[in-house]
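# Commentary on secondary and tertiary structure
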Amino acid sequence: MKMDLNAIVEKMETGDQDAALMALQTYNKEKSQCFTFSREQASDRERLGELVLGFLQRELQPSCQLACLETIRILTRDKNSLAPFVTPSAITTLCRYAGIPVASRWAGGEDGQGGEEGGEGGMEVVPPSENPDLEVIVEALKSLCNILLHNQTGQVVAAELQLMTSVAGRLKQCHDPTWNHEVRFYDLRLTFLLTALRVDVRGQLARELRGVTLLGNQLDAALGLCWPDTLETARAGVEPSEELPPLSRQQTERAMEALKILFNITFDTNRRKVDEEEAASYRHLGAILRHCLMSSADGEERTEEFHSHTVNLLGNLPLPCLDVLLMPKVQQGSLEYMGVNMDAVNMLMGFMEKRLDRGNKVKETLLPSLNLLTESARIHRETRKFLRSKVLPPLRDVVNRPEVGNTLRNKLVRLMTHIDTGVKTCTAEFLFVLCKESVSRFIKYTGYGNAAGLLAARGLMSGGGSSGIYSEDEDSDTEEYRQAKAQINPVTGVVEDEQPNPMEGMTEEQKEQEAMKLIHMFDKLSRNNLIQPMQLGMDGKMREFNVQDMKNLTRNSVLNPEEPPVNSDDEAE
């Protein structure tokens, strides 16, 4: 039976619990899938919200509690009618039904009146309901999530009520069988919203509440891990030689929420120094993340989403802690390279290539995995050599340009001229590291034209060494490359057909006239701001090349066309 909103309000105003229950159940059934609301009835919805909150202050039968909270969940979807729900009293009430004790200075009254009973500063810990109904808890948690998502005032009140501290208390009970999946999931969702929307709460969870350890334990519990050895994980009940079964939907949902929270509280970790205790917790977390990489979820799409969150978080870990990716022993079925287990690195590379092939939203989807592989290759020799063997194998094709083809090298070189600066810089950096930051090797695999952007930014246009610390292994050339090396055009990176010399048959005077024409054309384009001629400075970086530089260059080449040969007798010994 459809019931008008005014009629429901009238039923609630009678104060009769049975009449209110029937009215709310009708409203909840009708609006269960409603996510858009008309502005005309905004005041009526706010009035209904006030009445429902008033009912929750009374002693209610469980079915009436649940109906009231379901109504609040529906009403809090409307971000324009949240006024009744963002008061300290309302949020405290919802926390009580969610089973989360909060410290409230408003417990004695909406304006803090009568707070003396609460102790210092009028603060009072409001206990959760006794013998909580899990359905009631879940409905209250959903309502709190809606409030935080849609309203800044609600976020401020939640922070002042120390809601994060209260939720963390229940998060510690990750192995307690009392709490079902939905309670655990919405505890994590509430934590995610608090850390995503409040910088102060993010810091509180990270430092005061030891968030990395707390959420690491949540991941451990969600994945059902056991630890055969320090920093080595396994799935409980699964033999090391067996293939890991896919995670259930519930496991994946909780794990992804934990990964998102951990990303929020660690986003600046790799930019600061961490002490030994922090490093140990990050290495422990890294071992769990390796297990996440090697696990699959229920379906390919969900697996990719799960791995995406894992890769994003791995990129936040301190670089020295990434060695946990290589720590597991080599076992039957493992991918071994130089005596090291490369399963995780190979999985990362496959994930990166899959994102590369997809081609859409390259910056958001590709760069996290590309940056992670770059930094791993920079600090771990085995990782670099393994990736180089896959991405930059010995060069045999000297006919096709580096950006032409379907190999992983070809795909990455194409990105070196991408329209987005971040994409082309990160891609070039990755290939440069695989080349041990050797300019000549970098040009060999990518061509000078593709490499010019990174080389110019680093002041390496004229060649030179790198600042990295790399082993001295040789870059062995293939027979095909050695035979064609003299004919390879370094700009394009391939052997090209010989082109006729445009200056052939011209006198020196004609060459000078052509040079002056070129000067005037450059000058005109430069004056009209169509181009900016550049030249290589002494520091290896590009600087402005003006018309006077061009004239000086021409004059010098005309007056001193050739330096006299050095007499062998005058050479220094």
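Residues numbered from 1 in each chain as written. Predicted model: local features only at pLDDT ≥ 70, side-chain atom pairs only at ≥ 80, totals over all residues. Heavy atoms only, no water.

### Describing the overall build of the protein chain
Short version of the rule: A run of H or I in DSSP becomes a helix once it reaches four residues, and a run of E becomes a strand once it reaches two; helices and strands are each numbered from the N terminus. In this scheme, a residue with accessible area under 20% of its type's maximum is buried, one over 50% is exposed, and one in between is partly exposed, where area comes from a 1.4 Å probe on protein chains only. Contact definition: two residues touch when any of their heavy atoms are within 4.5 Å. Calculation of accessible area relied on Shrake-Rupley with a 1.4 Å probe; when residues are assessed, cover is drawn exclusively from the protein chains displayed.
A count of helical and extended segments in the protein chain gives 24 helices and 10 strands. For the protein chain, the residues scored as buried account for 46% of the 573 residues in total. A separation threshold of at least 6 residues defines the contact pool for the protein chain, and within that pool the share at least 24 residues apart is 70%. Here the protein chain displays about 30100 Å² of accessible surface, and carbon together with sulfur accounts for 49% of that area.

### Comments concerning the packing of aromatic side chains
Put simply, the rule is: Think of it this way: a Phe, Tyr or Trp ring, Trp meaning its six-membered ring, pairs with another when their centres are within 6.5 Å, and the plane angle makes it stacked under 30 degrees, edge-to-face over 60, tilted otherwise. Geometrically, a lysine NZ or arginine CZ counts as sitting over a ring once it is within 6 Å of the ring centre and also within 35 degrees of the ring normal.
Evaluation of the coordinates by the stated rule reveals three aromatic pairs. Between F185 and Y186, the ring centres sit 5.0 Å apart and the planes meet at 85°, which makes this aromatic pair edge-to-face. Judged by relative accessible area, F185 falls into the buried class, the value being 11%. When the centroid spacing of 5.5 Å and the interplanar angle of 70° are considered together, the rings of Y337 and F386 count as edge-to-face. Taken together, the residues span a long stretch of sequence, with Y337 in strand β5 (residues 336–337) and F386 in helix α17 (residues 381–391) at a distance of 49 residues. Owing to a relative accessible area of 2%, F386 belongs among the buried residues under this scheme. The side chain of R58 reaches across the aromatic face of F55, ending 4.4 Å from its centre. Sitting above the plane of the F192 ring, K260 keeps its charged end 4.7 Å from the centroid.

### Overview of the packing of helix α16 (residues 362–379) against helix α19 (residues 421–434)
Our working definition: For helices, the fitted axis covers only the stretch in contact; all axes are lines through C-alpha atoms, and the angles between them, taken along N-to-C directions, range from 0 to 180 degrees. Angles below 35 degrees are treated as roughly parallel, those above 145 as roughly antiparallel, those between 65 and 115 as roughly perpendicular, and all remaining angles as oblique. We call a crossing left-handed when the near helix sits turned anticlockwise from the far one by less than a right angle, and right-handed when that turn is clockwise.
Running from amino to carboxyl end, α16 crosses α19 at an angle of 25°, the nearest separation of the two axes being 9 Å. Comparing their axes, α19 and α16 come out roughly parallel. In this structure, the crossing between α16 and α19 has a hand that is left-handed. The segment α16 lies against α19, with V362, K363, L367, L370, N371, L373, T374, A377 and R378 engaging G422, V423, C426, T427, E429, F430, V433 and L434.

### Re a nonpolar patch on the surface
For the record, the criterion: Two joining distances apply to patches: 9 Å for like charges and 5 Å for nonpolar side chains (Val, Leu, Ile, Met, Phe, Trp, Tyr), and every residue must have over 30% relative accessible area and no salt bridge. Counted as salt bridges are all cases of a side-chain nitrogen of Lys or Arg within 4 Å of a carboxyl oxygen of Asp or Glu.
A cluster of nonpolar residues, L518, M521, F522, L525, L530 and I531, forms a patch on the protein surface that exposes about 520 Å² of accessible area. With respect to the helices and strands, L530 occurs in the loop between α23 (508–527) and β9 (534–536). With relative accessibility at 60%, the residue L530 sits in the exposed group.

### Some points on the environment of V398
Turning to its location among the elements, V398 is positioned in the loop between α17 and α18 (408–415). Judged by relative accessible area, which is 9%, V398 ranks as buried. Spatially, the C-alpha atom of V398 lies 4.9 Å from that of V494, the residues being 96 residues apart in sequence.

### Considerations on the pairing of strand β3 (residues 225–229)
Heads up, the condition is: Strands are treated as partners if at least two bridges between them are detected by DSSP.
Summarising the sheet, β3 and strand β4 (residues 232–235) pair through three bridges and their orientation is antiparallel. Following the sheet pairing, L225 is matched in β4 by R235.

### Concerning unusual backbone geometry
Here the phi dihedral of R210 falls at roughly 50°; this positive angle occurs in a residue that is not glycine. You can see R210 is positioned in the loop between α10 (199–208) and α11 (211–223). Note on R210: relative accessible area 46%, which makes it partly exposed. Despite not being glycine, M338 has its phi angle at roughly 55°, a positive value. What makes M338 partly exposed here is its relative accessible area of 39%.

### Focus on the state of the cysteines
Selection criterion: Throughout, a disulfide means two cysteine sulfur atoms within 2.5 Å of one another.
Tallied over the full model, the rule gives zero disulfides. The cysteine C68 is free of any disulfide, with C64 supplying the nearest cysteine sulfur at 4.3 Å.

### Points about the environment of Q218
To be explicit about the condition: Pairs of N or O atoms within 3.5 Å make up the polar contacts considered here, provided that, within protein, one atom can donate a hydrogen while the other can accept it, and that residues adjacent in sequence are counted only when both atoms are side-chain atoms.
Within the secondary structure, Q218 is located in helix α11. Note: C-alpha distance between Q218 and Q173 (45 residues apart in sequence) is 9.0 Å. Leaving out residues up to four positions away in the same chain, Q218 has contacts with L171, C174 and L188. A polar side-chain atom of Q218 sits 2.7 Å from the main-chain carbonyl oxygen of L171.

### Comments concerning the nonpolar core
The condition is simple: As used in this record, nonpolar core signifies buried Ala, Val, Leu, Ile, Met, Phe, Trp, Tyr and Cys residues forming a set joined through side-chain atoms within 4.5 Å.
In terms of nonpolar packing, the biggest core is built from 142 residues, with L48, F430 and F442 touching the most fellow members. In terms of residues, this core owes the most to one element, helix α6 (residues 134–150), which gives nine residues. Excluding residues that lie within four positions of it along the chain, F442 makes contacts with M416, A428, L431, F432, C435, G447, A451, L454 and L455.

### A few points about the pattern of salt bridges
In this structure the tally under the stated criterion is 28 salt bridges. A salt bridge links E257 to K260, with the nearest nitrogen and oxygen atoms 3.0 Å apart. Taken together, the residues E257 and K260, both in helix α12 (residues 249–266) and three residues apart, mark about one turn of the helix. The partner of R527 in a salt bridge is D523, and the shortest N-O contact between them spans 2.9 Å. Of this pair, R527 and D523 both sit in helix α23, four residues apart, roughly one helical turn. Several salt bridges converge on common partners, so that one network encompasses E375, R378, E429, E437 and R458.

### Let's talk about the side chain of R355
Looking at the element boundaries, R355 is found in helix α15 (residues 343–358). Judged by its relative accessible area of 9%, R355 is buried. Within polar-contact distance, the side chain of R355 engages the side chain of S308 at 3.5 Å. Those residues in contact with R355 that sit more than four places away from it in its chain are E304, S308, T365 and L366.

### Considering the environment of T195
Checked against the element boundaries, T195 lands in helix α9 (residues 181–197). Residue class for T195 comes out buried when judged on its relative accessible area of 0%. Along the primary structure T195 and A206 are separated by 11 residues, whereas in three dimensions their C-alpha atoms are 9.5 Å apart. Leave out the neighbours within four places in its chain, and T195 touches R202, L205, I261, N264 and I265.

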